[in-house]
Amino acid sequence: MIPTGKVRTRFAPSPTGYMHVGNLRTALYAYLKAKSAGGTFILRIEDTDQERYVEGAVDIIYNTLRETGLVWDEGPDIGGPVGPYVQSERMGMFKGYAEQLVKEGKAYYCFCDKERLDEMRLVQKASGQAPHYDGHCRKLSPEEIRAKLDAGVPYVIRQKIPQEGTTSFEDVVYGHIEVDNATLDDQILIKTDGMPTYNFANVVDDHLMGITHVIRGSEYLSSTPKYNLLYEAFGWEIPTYIHCPPVMKDAQNKLSKRNGDASYQDLIAKGYLTEAVLNYILLLGWSPKGEREIFTLDEMKDVFDESGIGKAPAIFDPAKLRYINAEYLRAMSEETFFTKAKPYIDSVVKTDCDKALLAEVLHPRCEVLSDIPEQVDFIDAMPEYDLALYTNKKMKTTAKTAKEALAAALPALEGIPAGGFTKDAVHEAMFALIAEKGVKNGWMLWPLRVALSGKQFTPGGGVELAAVLGKERTVARVKAALERL
RNA sequence: GGCCCGAUGGUCAAGCGGCUAAGACAUCGCCCUUUCACGGCGGUAACCCGGGUUCGAUUCCCGGUCGGGUCACCA
C-alpha cells in the first residue's frame, strides 16, 4: 500500500491561526526533504484540540502552502493510501492500539481523578520534587481493575515507562540525545473521553502513514524519548528525527504569531514576494554548501541537505529579507515588474502619466513593492518645498542659478511637440542646451528635477521625471518654479 | 527547580586540532552618476568565561555564565 524504501515526510499543523515563519520553514524543510529524495510529502491536519480551533485556519494552511508551491502529494483534500488525513476523522482508530498495549502489560488503566493528581503534584512540588505521576494505579490488581471498570469509574490509559535505565536516539541536527527514564512520566495515551492524547495520536498516525522522517520544531526534542518508547512498545520502526531550532524575534523572544509581522500573510501584505519570503526562510537556520544564496523552489530541491541545518535559534532579520526581496525584484523583466508595481503606483497616482516609464525608473530603486507609494507621491500634486533644495554644492547650483537654468529650459521644453514628449526627446533638448551653454549637466538638470518633484530624492532624474509627467505638467511646474524663484 | 539543547562580527552563518577564522546582510569609504538608487572596488567588525587534554585549541573534556526548550486528561 505504501511504497517501501521511499522517503515520506509530513507537515502536521494544528489549525490554530496564523502560519508564522517558523511553521512555514518547517513545512519547507519537510517538503524539500521529501522532494530532494524523490519521496512523498504529506499534509495532515491535527485538529483534535477543539479549544484552540480557529475558524478559517485550515484555509490559511492550504493557501499558504499552495501560494508558496509546497504542494502535498497526499492530504485531506486529495486523499491518499493512508487516509483520512484529518486527525479528528481518525479518532476511532487509537483506542484499540492502547488496549493492545494494556494486554501486553505495557500500559495500564489509571483511575486517579483530578483531585488526587493535583494534590499529589502539590506535595511533590512542596518537597522539591519534579511533578510526575506516582504510579498509583500501576499496582492495582486485575480484580481491582475489573471492579472499577465494571463500576464505570472513569479511566485513562497510561503507558508504563521503565523506571530505570536511559532512552536515547540520534537526531539529525542535534546528534545524540539521552535521558534517564526516571525523568519521564507514565504518559497518558487515552483520555477519559476515550480520545487519544496528541502525543499518542501523533505516533500512531506517523507509523500508520509510513512517515520515515519526522521534521518538526525543537520544542519536541525533549518529548521524543517518550515517543520512541512508544514505538518500541509496539515494535514499530522509529523514524529519523530532524528537529529544527526556533525562529526568534530577538535574542530572547520567539517569533510570535500575533502582534508581529512574522506571519507569511503579513509579509505578503507588506509587499514582499512569495519567492523572496520562501528563499529567506530557507536560509534562516540552514546554510547552503556553496556561496550562492538565491534559489527558486526547484533549485532548492537540488541543493537542500538536512546536514546544513544549524542547532542555534536564528533571529529573523527583516533587513536581509528586504535584500533578498530586492534581488527578486531586480531579476524581473521590465514587463513583469510593471505588472507587479502598477497596483502600488495606482494607489497613489490617480492622474495620467507614463506609468511604464515610471515603473522602469522605480525598478532599481525598489526593495519592496510597498516602497513605491511614498516614492511617487509628488506626481499628482507638487509638495510644499523649501527653495533651499535648489542649492547643491556638488552641482554648483543655488536658487539663483536654478532660476537661470529653468528660464533657459522652459522654451526648450515648450519647443518639444506634445506628441513627442519622450524621454529621448527631453534628453536631446536638455543636452543640446547644456552643450550650448557649456555648463555641467547637473547645473541644468538638478534644478529641473527639483522643480518637477519638490523632493530631495526621486526615482529618476530631471529628464525622466519630465517624460513621466508629460509636457503639460512639466511646463506648468517649471513655470511655477520660476515664479517662486 | 529537574531534565534536554544551544553559544563564531550588529544579523544569518562557514569551520569540524594547526587557517592571515570564509561568505552574505547591515554599516563605513571610494568610483560611476542629472538626485537617490543600481553596479563596481575597498574598509571596520567575531570564536561567552574559567579550568583541563594536547607540541598546538574556535574546534575535544569538565565547570560556570547567559539564552532557549520541556516537565498537562494542550497540541
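Just so it is clear, the structure is predicted and the values come from calculations on it, not from any experiment.

## Describing the overall build of chain A
Then comes step 1: Looking only at helices and strands, chain A has 19 helices and 11 strands in total.
Then comes step 2: Relative to its length of 485 residues, chain A is extended, with a C-alpha radius of gyration of 33 Å against a globular reference of 23 Å.
Then comes step 3: Dimensions of chain A, computed from the C-alpha atoms along their principal axes, are close to 110 × 50 × 40 Å.
Then comes step 4: Taking all 485 residues of chain A together, 49% fall into the buried category.

## Things to note about the sheet that holds strand β3 (residues 107-110)
The strands that make up a sheet are held in pairs by hydrogen bonds between backbone atoms, and each pair lies either parallel or antiparallel.
Then comes step 1: The strand order β3-β4-β7 describes an open sheet built from three strands, whose pairing is antiparallel. Each end of this open sheet is capped by a strand with a single partner; those strands are β3 and β7 (188-190). Here the strands of the sheet are splayed against their neighbours by 40° on average, with no regard to which way each runs.
Then comes step 2: Pairing between strand β4 (residues 156-159) and β7: two bridges, direction antiparallel. The residue of β7 that forms the bridge with R158 is I188.

## A closer look at the protein's contact with RNA strand B
Then comes step 1: Near RNA strand B you find 62 residues, and of these S14, K191, T192, G285 and R365 are the closest.
Then comes step 2: A share of 71% is what sugar and phosphate atoms reach among the atoms of RNA strand B within 4 Å of the protein.
Then comes step 3: Between RNA strand B and S14 there is a distance of 2.2 Å, counted from a sugar or linking oxygen to a side-chain nitrogen or oxygen.
Then comes step 4: At 3.3 Å, a backbone N or O of Q456 approaches a sugar or linking oxygen of RNA strand B.
Then comes step 5: For the surface near RNA strand B, the elements supplying multiple residues, two or more each, are β6 (175-180), α6 (198-208), β11 (314-315), α11 (318-331), α17 (441-453) and α18 (462-469).
Then comes step 6: Of all the elements, α17 adds the most residues to the surface near RNA strand B, at five residues.

## A few points about the pairing of strand β8 (residues 213-217)
In summary, the side chains of a regular strand alternate between the two faces of the sheet.
Then comes step 1: With five of five residues buried, β8 is to be regarded as a mostly interior element.
Then comes step 2: As paired elements, β8 and strand β9 (residues 240-244) share five bridges and run parallel to each other. Counted as the bridge partner of G217 is C244 from β9.
Then comes step 3: Following the backbone out of β8, through helix α7 (residues 224-234) and into the adjacent parallel β9, one traces a crossover that is right-handed.

## Quick word on a negative patch on the surface
Then comes step 1: Among the surface-exposed residues, E334, E335, D352, D354 and E360 lie close enough to one another that they form a single negatively charged patch.
Then comes step 2: Tracing the backbone shows E334 in helix α12 (residues 334-346).

## Some details on the side chain of T458
Then comes step 1: Among the structural elements, T458 can be located in the loop between α17 and α18.
Then comes step 2: For T458, a relative accessible area of 13% gives the class buried.
Then comes step 3: A distance of 2.8 Å separates a polar atom in the side chain of T458 from a polar atom in the side chain of R449.
Then comes step 4: Engagement of the side chain of T458 in a polar contact is seen with the backbone oxygen of G460, the distance being 2.9 Å.

## Some remarks on the packing of aromatic side chains
Then comes step 1: Taken as a whole and assessed by the stated rule, the structure comprises 15 aromatic pairs.
Then comes step 2: Put simply, the rings of Y97, F200, Y231, F234 and W236 pair up and form one aromatic cluster.
Then comes step 3: The residue whose ring lies beneath R449 is W446, and the NZ or CZ to ring-centre distance is 4.8 Å.
Then comes step 4: The ring of Y385 carries the charged tip of R484 above its face, separated from the ring centre by 4.8 Å.

## Observations regarding the nonpolar core
Then comes step 1: Ranked by size, the top nonpolar core spans 106 residues in total, and within it L28, L282 and F337 carry the most contacts.
Then comes step 2: Considering each element in turn, this core owes the most residues, nine residues, to helix α1 (residues 21-36).
Then comes step 3: Look past the residues within four positions of F337 in its chain and what remains in contact with it is L329, M332, A359, L362, H363, C366, L369 and I372.

## Examining the environment of L189
Then comes step 1: Note that L189 resides in strand β7.
Then comes step 2: As a C-alpha pair, L189 and R216 span 27 residues in sequence and 21 Å in three-dimensional space.
Then comes step 3: Look past the residues within four positions of L189 in its chain and what remains in contact with it is A98, L101, A107, I157, R158, Q159, M195, P196, T197, F200 and L230.

## Overview of the confidence of the model for chain A
Then comes step 1: This prediction gives chain A a mean pLDDT of 93; 98% of its residues lie at or above 70.
Then comes step 2: This prediction of the complex comes with two scores: 0.94 for pTM and 0.95 for ipTM.

## Concerning the packing of helix α15 (residues 399-414) against helix α19 (residues 471-484)
Then comes step 1: Interhelical geometry of α15 versus α19 gives an angle of 155° and a closest axis separation of 10 Å. Taken together, the axes of α15 and α19 lie roughly antiparallel to each other. Between α15 and α19 lies a crossing whose hand is left-handed. Contacts between α15 and α19 involve K403, L406, A407, L410, L413 and E414 from the first element and K471, T474, V475, V478, K479, A481 and L482 from the second.
Then comes step 2: Looking at the contact of α15 with α19, its residues break down into eight nonpolar, one polar and four charged.

Reading the values: the criteria
- Residues numbered from 1 in each chain as written.
- Chains lettered and ligands numbered in written order.
- Predicted model: local features only at pLDDT ≥ 70, side-chain atom pairs only at ≥ 80, totals over all residues.
- Heavy atoms only, no water.
- Helix = DSSP H or I, 4+ residues; strand = E, 2+ residues; numbered from the N terminus.
- Rg over C-alpha atoms; globule rule 2.2 N^0.38 Å.
- Buried < 20%, exposed > 50% of the residue type's maximum accessible area, 1.4 Å probe, protein only.
- Pairing = 2+ DSSP bridges.
- Axes fitted to C-alpha atoms, helices over the stretch in contact; angles between N-to-C directions.
- Near = heavy atom within 4 Å.
- Polar contact = N/O pair within 3.5 Å; in protein donor to acceptor, adjacent residues only side chain to side chain.
- Right-handed = clockwise from strand over helix to strand, strands pointing away.
- Patch = residues over 30% accessible without salt bridge, like charges linked within 9 Å, V, L, I, M, F, W, Y side chains within 5 Å.
- Areas by Shrake-Rupley, 256 points an atom, 1.4 Å probe, with all protein chains shown as cover.
- Salt bridge = Lys/Arg side-chain N within 4 Å of Asp/Glu carboxyl O.
- Lys, Arg positive; Asp, Glu negative; His and termini not counted.
- Charge placed at Lys NZ, Arg CZ, Asp CG, Glu CD.
- Phe/Tyr/Trp six-rings, centres within 6.5 Å; stacked < 30°, edge-to-face > 60°.
- Lys NZ or Arg CZ within 6 Å of the ring centre and 35° of its normal.
- Core = buried A, V, L, I, M, F, W, Y, C linked by side-chain atoms within 4.5 Å.
- Contact = heavy atoms within 4.5 Å.
- pLDDT = per-residue confidence, 0-100.
- Parallel < 35°, antiparallel > 145°, perpendicular 65-115°, else oblique.
- Left-handed = near helix turned anticlockwise from the far one by under 90°.
- Nonpolar A, V, L, I, M, F, W, Y, C, P; charged D, E, K, R; others polar.

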